[in-house]
Every structure is written in C-alpha cells, then in structure tokens.
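Residue-level structural notes
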Amino acid sequence: MSGHHNPGALPGQPPGEFYDLTVRIHEAQAIASCALESLPSGLTGLESIRMNHTSLLISALEDILKLAHKDVETVAEYLHA
C-alpha cells in the first residue's frame, strides 16, 4: 500500500494518505461504474428483480462515493486556506 506520510512536507500540508484517499475514491467510483454497466439486461421474472436490486445497491454506492469525494474536496479547500 502507498500512503506514506511525507516527513519533508511543509507545515500545514496534508499527509500523503490524504492524496491516496482521493485516488482510492476515484478508483472505487470507476469500479462501481463498471459494475453497473456490466449487469445483464433483458432478464425476466425473479432474475430481473434481483438484477434491479443489485443495480440499486451499486447506484447507492456511487452516491456515497460522490459524497465522500465532495467531503475530501471540502477538507482540501480548508487545508489550503
């Protein structure tokens, strides 16, 4: 794992883990998007209901990741102020 604290960073700069977090959120967003796009379509009956539930769960994950990304941006603005 990366995310080593940079002891040479200027005071007030966020540690490397902060930037790693941003990258990890982007990676998780990409994975969720790919998962959503890879779900089969044209299903019927119970399979259709299960796939719809899976789609809703992935969409909820995407929403949470969007909120996490906004939170990271807010913290970055605060740290750079």
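You'll find the structure just up there.
I will try to describe carefully the structure that is included in this document.

Rules of the game
- Residues numbered from 1 in each chain as written.
- Predicted model: local features only at pLDDT ≥ 70, side-chain atom pairs only at ≥ 80, totals over all residues.
- Heavy atoms only, no water.
- Helix = DSSP H or I, 4+ residues; strand = E, 2+ residues; numbered from the N terminus.
- Buried < 20%, exposed > 50% of the residue type's maximum accessible area, 1.4 Å probe, protein only.
- Areas by Shrake-Rupley, 256 points an atom, 1.4 Å probe, with all protein chains shown as cover.
- Lys, Arg positive; Asp, Glu negative; His and termini not counted.
- Salt bridge = Lys/Arg side-chain N within 4 Å of Asp/Glu carboxyl O.
- Contact = heavy atoms within 4.5 Å.
- Axes fitted to C-alpha atoms, helices over the stretch in contact; angles between N-to-C directions.
- Parallel < 35°, antiparallel > 145°, perpendicular 65-115°, else oblique.
- Left-handed = near helix turned anticlockwise from the far one by under 90°.
- Nonpolar A, V, L, I, M, F, W, Y, C, P; charged D, E, K, R; others polar.
- Expected span 1.5 Å × (residues − 1).

Some points on the overall build of the protein
- Counting its regular elements, the protein contains two helices and zero strands.
- Across the 81 residues in the protein, those meeting the buried criterion constitute 17%.
- Here the protein has roughly 6200 Å² of accessible surface; of this, 63% comes from carbon and sulfur atoms.

Section: the side chain of Glu62
- Summarising the element assignment, Glu62 is placed in helix α2 (residues 45–80).
- No salt bridge is formed by the buried Glu62, whose closest oppositely charged neighbour, Lys66, lies at an N-O distance of 5.9 Å.
- Once residues within four sequence positions are removed from consideration, Glu62 is found in contact with Ala32, Ser33 and Leu36.

Some words on the packing of helix α1 (residues 16–38) against α2
- Running from N to C, α1 and α2 point in directions that differ by 160 degrees, and their axes come no closer than 9 Å. For the element pair α1 / α2, the angle class is roughly antiparallel. You can see that α1 and α2 cross each other, and the crossing is left-handed.
- Looking at the contact of α1 with α2 residue by residue, the classes come out as 15 nonpolar, eight polar and two charged.

Re α2
- When the terminal C-alpha atoms of α2 are compared, their 53 Å separation across 36 residues agrees well with the 52 Å that a helix rising 1.5 Å per residue should span.
- Taken as a whole, α2 has its buried residues at Ile58, Glu62, Leu65, His69, Val72 and Ala76.
- On its buried face, α2 sits against α1.

A closer look at α1
- A rise of 1.5 Å per residue sets the reference length of α1, with its 23 residues, at 33 Å; its end C-alpha atoms lie 33 Å apart and thus fit the reference within 8%.
- Among all positions of α1, only Gly16, Phe18, Asp20, Thr22, Ile25 and Ala32 are buried.
- Buried positions along α1 lie against α2.

From the geometry alone we can't say anything about function, so treat these as descriptive.
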